[in-house]
Structures are given as C-alpha cells and as structure tokens.
Amino acid sequence: MKPLIIIPARGGSKGIPKKNIVPLNGRPLIDYSIKAALEIAPKERIVLSTDSEEIAAVARRCGLDVEYMRPAELATDKAGSREVILDVMDWAERQGMDYDAVVLLQPTSPLRIADDIAGAMGLYHDGVDMVVSVAEARSNPYYNCFETDDAGYLHVSKGDGLYTRRQDVPHAYEYNGAVYVINPVSIRKMPMGAFPRRIPYVMPFDRSIDIDAPIDLIVASSLLGEKV
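Below or above, wherever it landed, is the structure these notes cover. (Residues numbered from 1 in each chain as written. Predicted model: local features only at pLDDT ≥ 70, side-chain atom pairs only at ≥ 80, totals over all residues. Heavy atoms only, no water.)

1. Points about the nonpolar core
With 32 residues, the main nonpolar core has I7, I30, L48, V103, L105, V179 and V181 as its most contacted residues. Residue assignment for this core shows that the elements contributing at least two residues are β1 (3-8), α1 (29-40), β4 (46-49), α2 (53-61), β5 (101-104), α4 (114-123) and β9 (173-182). I7 has contacts with I30, S33, I34, A37, I46, V47, L48, S49, L105 and P107, leaving out every residue within four places of it along the chain. Among the nonpolar cores identified, the runner-up in size contains 22 residues, and V47, V88, A92 and V102 belong to it. (Core = buried A, V, L, I, M, F, W, Y, C linked by side-chain atoms within 4.5 Å. Buried < 20%, exposed > 50% of the residue type's maximum accessible area, 1.4 Å probe, protein only. Helix = DSSP H or I, 4+ residues; strand = E, 2+ residues; numbered from the N terminus. Contact = heavy atoms within 4.5 Å.)

See the structure below:
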C-alpha cells in the first residue's frame, strides 16, 4: 500500500486550550501520533494539516517535515473533515505524490500504536470505502441503551428487550477516532458518513481513549504510565 497519512491538528480548541500540543506524560499530545505514523511510513508520506504555526513548529521538533498549511477557511468550527482531507489530497497530488489510500490519524488518540494503524491498513482493499477503528460500545442498544416512546416510557433501543445477559446480545461498536483508512475515490464522491461499505478494525478499550476533555488527559496519563 502507498498511503497518504494525514494528521489533522486545527489550532483552535475550546475544551482544552492548545489541545493538540498539550503536554501528556512529558510529550506534546501530537507527538504520539507522529511517532506512530513514522513507524508506518516515511515522513514524505505524512502530512500535518494545521493552520497554526505553533503546532507546525512542535511537529517539526517531533521529527515531521511541515510543508503544507491548512487554509484559513478550513480552520473554523464549521469546516468538515471531508473538506480538510480533500484539500490535503489535492495538495499531495500537486506535489506529485502517488497514493492508493488515505490514512487519517487524529492527534487525540495517543494510546493508538503503530500495530493498530498497520492492522487497519491490512483490512483495506479498493472494494471498500473505509476501514475504521472501533471499540466495543459500552452501551448496547439491545441491552442497556433506551429510548422514550410517544408516551414518555422507556423502551430498549433495538430488539424486543428480552435479553437478560449482556454476553448474549449482538455486538455493538462505536468509532474510537484512532484510525481511518479511506478509499480516495470514495471520499471524492461522498462524505464518510454516507459510505455504505465500512469495515471495522476492533481496538481494545485501553487504547481507545479519545482526548476531548481534561478528564481524558488524566485517564490517558494513567494508562500510559502503566505501560512504562
């Protein structure tokens, strides 16, 4: 496979100021994704997408060349992932890069390891739209996820509600945000949410932490400390 690896790192962050470069166990958060990507591909195939010179400078100190900068119109809260990805794809093609898959690695997944990226890439083929990393959902729609009906009463979200043991219910998964291996033809045709052919790459919960709030940094720091 000839991947185009994209690490998206917008400068603005409200929940955690400067989230993408916040220190985590002595390293900038983005460094975890950069180091994992460098185990998978040469740095010439890894593109940081940021509008922030500060983030770009940190990425360079972490060993990544930064030649592309995200346009300001794609650095707002309203800019979608698809538009960000397409802009990097267009830039890479103008540089003469030949690639057959786009690999998106969000910096907010510091416990994702190179083996997870390789595992997801290993499931990819050009007959699918995307391979996406998932974790087993903590709330299962057949068992402990409920909705209200018109009268306001709770009913299990899916099925007849007769399961009495969690281990008997069908598996349910949620995106963990760690790895997306995307078909370049598909992303040019439609947004990722419309992809009909998605394959899951299942990751354990202890590598599926997504940094969204300060409490997530505490959890990730503890888990990383246990791995030392």
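Following the structure, the description resumes.
2. Points about the packing of aromatic side chains
Inspection of every chain in the model, using the stated rule, returns 3 aromatic pairs. Centre to centre, the rings of Y175 and Y180 are 6.1 Å apart; their planes meet at 80°, and the pair counts as edge-to-face. Geometry around Y32 places R27 over its ring, the cationic atom sitting 3.9 Å from the centre. (Phe/Tyr/Trp six-rings, centres within 6.5 Å; stacked < 30°, edge-to-face > 60°. Lys NZ or Arg CZ within 6 Å of the ring centre and 35° of its normal.)

3. Structural notes on the pattern of salt bridges
Applying the stated criterion to the full structure yields 10 salt bridges. The salt bridge involving R188 is made with E93; its shortest N-O contact spans 3.3 Å. One end of the pair, R188, is in helix α5 (residues 184-189); the other, E93, is in helix α3 (residues 81-94), with 95 residues separating them in the sequence. Here E93 falls in the partly exposed class, since its relative accessible area comes to 40%. For D168, the salt bridge identified is with R165, shortest N-O distance 2.9 Å. Residue classification places R165 among the partly exposed residues on the basis of a relative accessible area of 42%. Ionic contacts of the salt-bridge type, sharing partners, join the residues R27, D31 and K35 into one network. (Salt bridge = Lys/Arg side-chain N within 4 Å of Asp/Glu carboxyl O.)

4. With respect to the pairing of β1
The element β1 is largely enclosed, with a buried count of 6 among its 6 residues. What you see with β1 is no split at all: P3, I5 and I7 on one side and L4, I6 and P8 on the other are buried throughout. Where β1 lies against β5, 4 bridges are found, and the strand directions are parallel. Following the sheet pairing, L4 is matched in β5 by V102. Bridge count for β1 against β4 is 4 bridges, and the pairing is parallel. Across the sheet, the residue bridging to I6 is V47, located in β4. (Pairing = 2+ DSSP bridges.)

5. So, the layout of surface pockets
Taken as a whole, the largest pocket encloses approximately 580 Å³ of empty space. As for the largest pocket, its lining consists of 27 residues, of which P8, R10, K19, N20 and Q106 are closest to the centre. The leading source of residues in the lining of the largest pocket is α3, at 3 residues. The residue makeup of the lining of the largest pocket, split by class, is 10 nonpolar, 10 polar and 7 charged. Every residue lining the second largest pocket is counted, 13 residues in all, and those nearest its centre are K43, E44, I46, E67 and W91. Looking at the lining of the second largest pocket element by element, the count peaks at 3 residues for β4. In the lining of the second largest pocket, the residues fall into 7 nonpolar, 1 polar and 5 charged. (1 Å grid on protein atoms, 1.4 Å probe; cavity = no way out; pocket = protein on both sides within 12 Å on 5 of 7 lines; lining within 4 Å. Points joined across faces, edges and corners; volume = space filled by probe spheres on them. Nonpolar A, V, L, I, M, F, W, Y, C, P; charged D, E, K, R; others polar.)

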